[in-house]
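Inside the fold
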Amino acid sequence: MTALPPDPDPDRTPGLEPGGGVRPGDTPPDSGSTTEGLSHHEKKPPSATAGRIVIAIIVLFAVLVAAMLLTRAFLLA
């Protein structure tokens, strides 16, 4: 399968004069940036609350591990 050229078809582009020029004051057509329409929507970044929850879970896990290690150290002593 051959990809279509990104430039618009001059026969189907309104506002073009013969030879591919445009009338004074008109904006020439732009080349297409994608061949299959619009690009995908970008996801929104996670909220600040989600980041704080993740940090809180990590800190809680670290505190629990430290408590376990301290408890084990005192029981072996």
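Coordinates for the structure precede this section.
This text gives an overview of the structure that appears in the document.

Helix and strand counts for the protein come out as 1 helix and 0 strands. Per-residue burial for the protein yields a buried fraction of 1% across its 77 residues. With the model as given, the accessible surface of the protein reaches about 7600 Å², and the carbon-plus-sulfur share is 65%.

This part is about helix α1 (residues 48–76). Its 29 residues give α1 an end-to-end C-alpha distance of 42 Å, which sits within 8% of 42 Å, the value for a rise of 1.5 Å per residue. Summarising burial for α1: 0 of the 29 residues are buried, a small minority.

The next thing to look at is a nonpolar patch on the surface. On the surface, I55, V59 and V63 cluster together into a nonpolar patch covering about 280 Å² of accessible area. Tracing the chain through its elements places V59 in helix α1. Residue V59 is classed as partly exposed on the basis of its relative accessible area, which comes to 47%.

About the thresholds
- Residues numbered from 1 in each chain as written.
- Predicted model: local features only at pLDDT ≥ 70, side-chain atom pairs only at ≥ 80, totals over all residues.
- Heavy atoms only, no water.
- Helix = DSSP H or I, 4+ residues; strand = E, 2+ residues; numbered from the N terminus.
- Buried < 20%, exposed > 50% of the residue type's maximum accessible area, 1.4 Å probe, protein only.
- Areas by Shrake-Rupley, 256 points an atom, 1.4 Å probe, with all protein chains shown as cover.
- Expected span 1.5 Å × (residues − 1).
- Patch = residues over 30% accessible without salt bridge, like charges linked within 9 Å, V, L, I, M, F, W, Y side chains within 5 Å.
- Salt bridge = Lys/Arg side-chain N within 4 Å of Asp/Glu carboxyl O.

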